[in-house]
Amino acid sequence: MNTTEDTGDSGTRTIALDRNGLIRVGARPSLWRYLRQIWEFRSFVLFDSKSRIAGGNSTNSLGQIWLVLNPILNGATYFFVFGLLLGTGRGIENFIAYLIIGVFMFRFTSSAITSGSKAIISNRSVVRAFSFPRATLALAVNVRELMVQVPAFITMFVLILAFPPLEIVSWKWLLFIPLVAVQFLFNLGLSLILARLVTRFNDVTNLITFGTRIWLYLSAVFFSIDRFADHPTVLFIMHLNPMYCILEIARDSLLYDAWPDPNRWLVLGAWTLVLLVVGTVLFWQAEESYGQEK
């Protein structure tokens, strides 16, 4: 509450201000309030995601078609190199569909975390000019990647049904919806962690590119882990790989009409929960530093 005091003939007044409820401009809010602010900016997240999708391929002659062509061309390349030349598909039932699922699902995560890691450094001018929760930038990137993957996933379903042997379409296909939801949260948590690291150490960007390539080779995208049946340690490590869990769940439900192993859900869920909590807290702790980097 404001009070005034007359100092006499000089005509000056001393005004006492009640500072309760006032906060420093740009100060980091509490974690709970920060999460509420992110929710309040949901319209910005959707608008930013849609606008960047519309303008992303506007300079290309084929435009949005590249969203589908890229994973198809990558899959064809991997099939030629690993399926035909190296023969990694021997013994895998319906190897073409097996590879298609691996390529499309892995691309969703690799694109999301690569773009999400640059959410702050790619928008420095916006970060420095406006006050808003910076995590919305990483969230917008992941929402955009999810929207981009919708036509790609539809294409994936068509390709699975187009190449013989024809797969059975059953109720198990609906498991794909919660799987993509969990994968989205997994991508978001990892993006928040990487975004903070890249903001602090820009060289991490190069390590991410290298790391996703290694991750691709270690996630059974174009080979079966049955070849490691005599190596229990390798199998144990593979079963702890969240990307392998994603691919295994997708392949069981879409290709083999089988209920995925509950352990795959448990491992994937544990990774997702840890990354989302740790990523949110780490990103929030550095909220005041974003935009001040040289």
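The structure we're discussing is the one just above.
Residues numbered from 1 in each chain as written. Predicted model: local features only at pLDDT ≥ 70, side-chain atom pairs only at ≥ 80, totals over all residues. Heavy atoms only, no water.

A. Representation of the nonpolar core. Counting residues in each nonpolar core, the largest one holds 73 residues, and the members touching the most others are I101, M105, M156, I160 and F283. Elements with a minimum of two residues in this core: α1 (31–40), α4 (95–116), α6 (135–162), α7 (176–200), α8 (204–217), α9 (232–239), α10 (242–254) and α11 (262–285). Filtering out sequence-adjacent residues up to four positions away, I101 remains in contact with M156, I160, L247, A250, R251, L254 and L255. (Core = buried A, V, L, I, M, F, W, Y, C linked by side-chain atoms within 4.5 Å. Buried < 20%, exposed > 50% of the residue type's maximum accessible area, 1.4 Å probe, protein only. Helix = DSSP H or I, 4+ residues; strand = E, 2+ residues; numbered from the N terminus. Contact = heavy atoms within 4.5 Å.)

B. Representation of the pattern of salt bridges in the model. Inspection of the entire model under this criterion finds two salt bridges. A salt bridge links D257 to K172; the shortest N-O distance between them is 3.4 Å. Taken as a pair, D257 in the loop between α10 and α11 and K172 in the loop between α6 and α7 lie far apart in primary sequence, 85 residues in all. Between R264 and D261 there is a salt bridge, with its nearest N and O atoms 3.9 Å apart. Judged by its relative accessible area of 30%, D261 is partly exposed. (Salt bridge = Lys/Arg side-chain N within 4 Å of Asp/Glu carboxyl O.)

C. Just the packing of aromatic side chains, in detail. On inspection of all chains with the given rule, the structure shows 12 aromatic pairs. A centroid spacing of 6.4 Å and a plane angle of 25° characterise the contact between F95 and Y98, whose relative ring orientation is stacked. Here F95 and its partner Y98 are both found in helix α4, three residues apart, which amounts to about one turn of the helix. Accessibility expressed as a relative area gives 10% for F95, which makes it buried. The exposure class of Y98 is buried, given its relative accessible area of 7%. Through a chain of ring-to-ring contacts, three or more aromatic side chains come together here, namely F108, F153, F157, W173 and F176. Stacked on the ring of Y98, the Lys or Arg R251 has its end atom at 3.5 Å from the ring centre. (Phe/Tyr/Trp six-rings, centres within 6.5 Å; stacked < 30°, edge-to-face > 60°. Lys NZ or Arg CZ within 6 Å of the ring centre and 35° of its normal.)

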